[in-house]
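Structure assessment
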Amino acid sequence: VRDGTTMYGINTGFGKLANVRIPADALERLQIDAVLSVTGVLSQTWADDGSPRRRELIAVSPVRLETAPSADPYASPAARVEDLSAGLAMPGLHRRVTFTGVVTRQSPGRSLHLRTPGGPIYVETDGTAPVVPGDQVEVAGFPEVGAVSPLLADAAYRRLGEGSPPEPVVATLAALVEGSLDDDLVRIDATFVSGEE
């Protein structure tokens, strides 16, 4: 909190704006995935190379609540990996969405790797409920652009059922370099030649 305001991150139809200063007296009306209307002054600082270093929106009028979020995050609309790959500017993809998939890996308190019908997806979550490879889960989170494959941030998840551990995809060197198998479970066939660099 600074000068009676609190810093928030918001998603817009044009991408994420991480630094938004909102008056503290509006806090009780703000909930994750609420649709807001914010009027404010845009403030930017620049690095020596001319690139934007920090971008901040400081609200100058009351924040208007347009749509309250659902009490159930899993009631959010279902999305497909293809939708995220096509670009986050698609209508509705700046809000919370849901996916179902099969767990290929879990790092409790950090992340899940899922295999979905449309491809793999990386899920950032602070959840620690144990799941194992093969479990079917539903996740609810916010789409973001990952380094190569799409990702879901600030996600919650719940286990729907169990299944057999998924089979790895046999990967070629070309597929590894291209990145099309990022965040998927893969197997690499290779010959060990030396342990020295």
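Note that the coordinates shown come from a computational prediction; the quantities given were computed from them, not determined experimentally.

With that out of the way, let us pick up a nonpolar patch on the surface. A contiguous nonpolar surface patch, about 420 Å² in accessible area, is contributed by Leu-173, Leu-176, Val-177 and Ile-188. With respect to the helices, strands and loops of the structure, Leu-173 is situated in helix H2 (residues 173–178).

What follows deals with the sheet that holds strand S7 (residues 97–107). Spatial ordering of the closed barrel is given by S7-S8-S9-S11-S10, a layout of five strands whose pairing is mixed. Here the strands of the sheet are splayed against their neighbours by 50° on average, with no regard to which way each runs. As judged from the five bridges shared by S7 and strand S8 (residues 111–116), these two strands associate in the antiparallel manner. Residue pairing across strands places Val-102 opposite Arg-115, the latter belonging to S8.

Tallied over the full model, the rule gives five salt bridges. In this structure, Asp-135 engages Arg-159 in a salt bridge whose closest nitrogen and oxygen atoms are separated by 3.1 Å. You can see Asp-135 sitting in the loop between strand S9 (119–124) and strand S10 (136–144) and its partner Arg-159 sitting in strand S11 (residues 151–161), a full 24 residues away along the chain. Take Arg-159: its relative accessible area is 44%, and that puts it in the partly exposed class. Of the charged contacts in the structure, one is a salt bridge between Arg-187 and Asp-189, with a shortest N-O distance of 3.3 Å. With a relative accessible area of 55%, Asp-189 lands in the exposed category. Within the structure, one salt-bridge network assembled from shared partners comprises Asp-135, Arg-159 and Glu-162.

Counting buried positions over the eleven residues of S7 gives eight, a clear majority of the element. By the bridge criterion, six bridges tie S7 to S10 in an arrangement that is antiparallel. Within S10, the residue paired with Phe-99 across the bridge is Val-139. Between S7 and S8, which follow one another and run antiparallel, lie three residues, and Gly-109 among them has a positive phi close to 80°.

With that settled, the discussion passes to unusual backbone geometry. Phi at Asp-154 is positive, roughly 50°, even though this residue is not glycine. Checked against the element boundaries, Asp-154 lands in strand S11.

How each quantity is defined
Residues numbered from 1 in each chain as written. Predicted model: local features only at pLDDT ≥ 70, side-chain atom pairs only at ≥ 80, totals over all residues. Heavy atoms only, no water. Patch = residues over 30% accessible without salt bridge, like charges linked within 9 Å, V, L, I, M, F, W, Y side chains within 5 Å. Areas by Shrake-Rupley, 256 points an atom, 1.4 Å probe, with all protein chains shown as cover. Salt bridge = Lys/Arg side-chain N within 4 Å of Asp/Glu carboxyl O. Helix = DSSP H or I, 4+ residues; strand = E, 2+ residues; numbered from the N terminus. Pairing = 2+ DSSP bridges. Axes fitted to C-alpha atoms, helices over the stretch in contact; angles between N-to-C directions. Buried < 20%, exposed > 50% of the residue type's maximum accessible area, 1.4 Å probe, protein only.

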